[in-house]
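Chains, contacts and geometry: an overview
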Amino acid sequence: YTFSVGAFFFFWSNLSINDQMLEKVDQVYGLSVKYPVLSLLMAITLLSLASIPPFAGFWCKLYILKNLILNGWVYVAALLAFSIIASLQYFHMIRTLYFSDKHAEIDIISDWKTTWIFAPIALVFFFFFQDQVLSLLSESLKGL
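Below is a short write-up of the structure. (Residues numbered from 1 in each chain as written. Predicted model: local features only at pLDDT ≥ 70, side-chain atom pairs only at ≥ 80, totals over all residues. Heavy atoms only, no water.)

1. Let's talk about the overall build of the protein chain
Within the protein chain, the secondary structure is distributed over eight helices and three strands. The helix and strand sequence of the protein chain, counted from the amino end, reads α-β-β-α-α-α-α-α-β-α-α. Looking at the 144 residues of the protein chain, the share that counts as buried comes to 33%. Within the protein chain, contacts between residues at least 6 apart in sequence are counted, and of these 74% link residues at least 24 apart. Of the roughly 9300 Å² of accessible surface on the protein chain, 69% is carried by carbon and sulfur atoms. (Helix = DSSP H or I, 4+ residues; strand = E, 2+ residues; numbered from the N terminus. Buried < 20%, exposed > 50% of the residue type's maximum accessible area, 1.4 Å probe, protein only. Contact = heavy atoms within 4.5 Å. Areas by Shrake-Rupley, 256 points an atom, 1.4 Å probe, with all protein chains shown as cover.)

2. Some details on the nonpolar core
Ranked by internal contacts, the top residues of the largest apolar core, which has 20 residues, are L15, V28, L31 and M42. Elements with a minimum of two residues in this core: α1 (2-13), α3 (36-49) and α6 (83-98). It is α3 that provides the largest number of residues to this core, a total of six residues. Once residues within four sequence positions are removed from consideration, L31 is found in contact with L15, P36, L38, S39, M42, L97 and I106. (Core = buried A, V, L, I, M, F, W, Y, C linked by side-chain atoms within 4.5 Å.)

3. Focus on the packing of α1 against α3
Relative to each other, α1 and α3 sit at 145°, their axes nearing to 9 Å. The crossing of α1 and α3 is left-handed. Of the residues in α3, those in contact with S4, V5, A7, F8, F11 and W12 of α1 are L41, M42, T45, L46, S48 and L49. Residues of the contact of α1 with α3, tallied by class, amount to nine nonpolar, three polar and no charged. (Axes fitted to C-alpha atoms, helices over the stretch in contact; angles between N-to-C directions. Left-handed = near helix turned anticlockwise from the far one by under 90°. Nonpolar A, V, L, I, M, F, W, Y, C, P; charged D, E, K, R; others polar.)

4. Observations regarding the packing of aromatic side chains
By the definition in use, this model includes one aromatic pair. Note on Y98 and F99: the rings are 6.4 Å apart at their centroids and 50° apart in plane angle, and the pair reads as tilted. Look at Y98 and you get partly exposed, because its relative accessible area is 30%. Judged by its relative accessible area of 66%, F99 is exposed. (Phe/Tyr/Trp six-rings, centres within 6.5 Å; stacked < 30°, edge-to-face > 60°.)

5. Digging into the environment of L47
By secondary structure assignment, the location of L47 is in helix α3. Between the alpha carbons of L47 and Y90 there is a distance of 7.3 Å; along the sequence they are 43 residues apart. Here L47 is in contact with I52, F55, F91 and I94, once residues within four sequence places are set aside.

6. Some points on the pattern of salt bridges
Inspection of the entire model under this criterion finds one salt bridge. The salt bridge partner of K142 is E139, with a shortest N-O separation of 3.5 Å. Of this pair, K142 and E139 are both found in helix α8 (residues 130-142), three residues apart, which corresponds to roughly one turn of the helix. (Salt bridge = Lys/Arg side-chain N within 4 Å of Asp/Glu carboxyl O.)

These results come straight from atomic positions and should not be treated as a statement about function.
Okay, structure coming up:
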């Protein structure tokens, strides 16, 4: 989940209009017309943050909720479920990226293209190899 947040802020920090950083979500309107691949990668990251399966964000929240409920922390689990409300903002951004009538003149910093591609692929990769990733993390944490 931390990786998803980091990837999103990396994407956001590399977008600008007339060499000015973006300040509002609505400034990315129509980005999919000028940069369709970037928009797809950004949408994948946002869907992971919104905890939509099969992305990594879904599995992270599922494991956390499951452990909280099994250990009797139902009230905390209910509070965590309110993060679904935050997902509305992610869907608003995806809607702005793809379904806006206007088109912004957004520029991207292209020095980091490999990172732009790597981050969303890693989010999808987690879905296919989650058992191996979690067992590797578990083994590495035992050494601490």
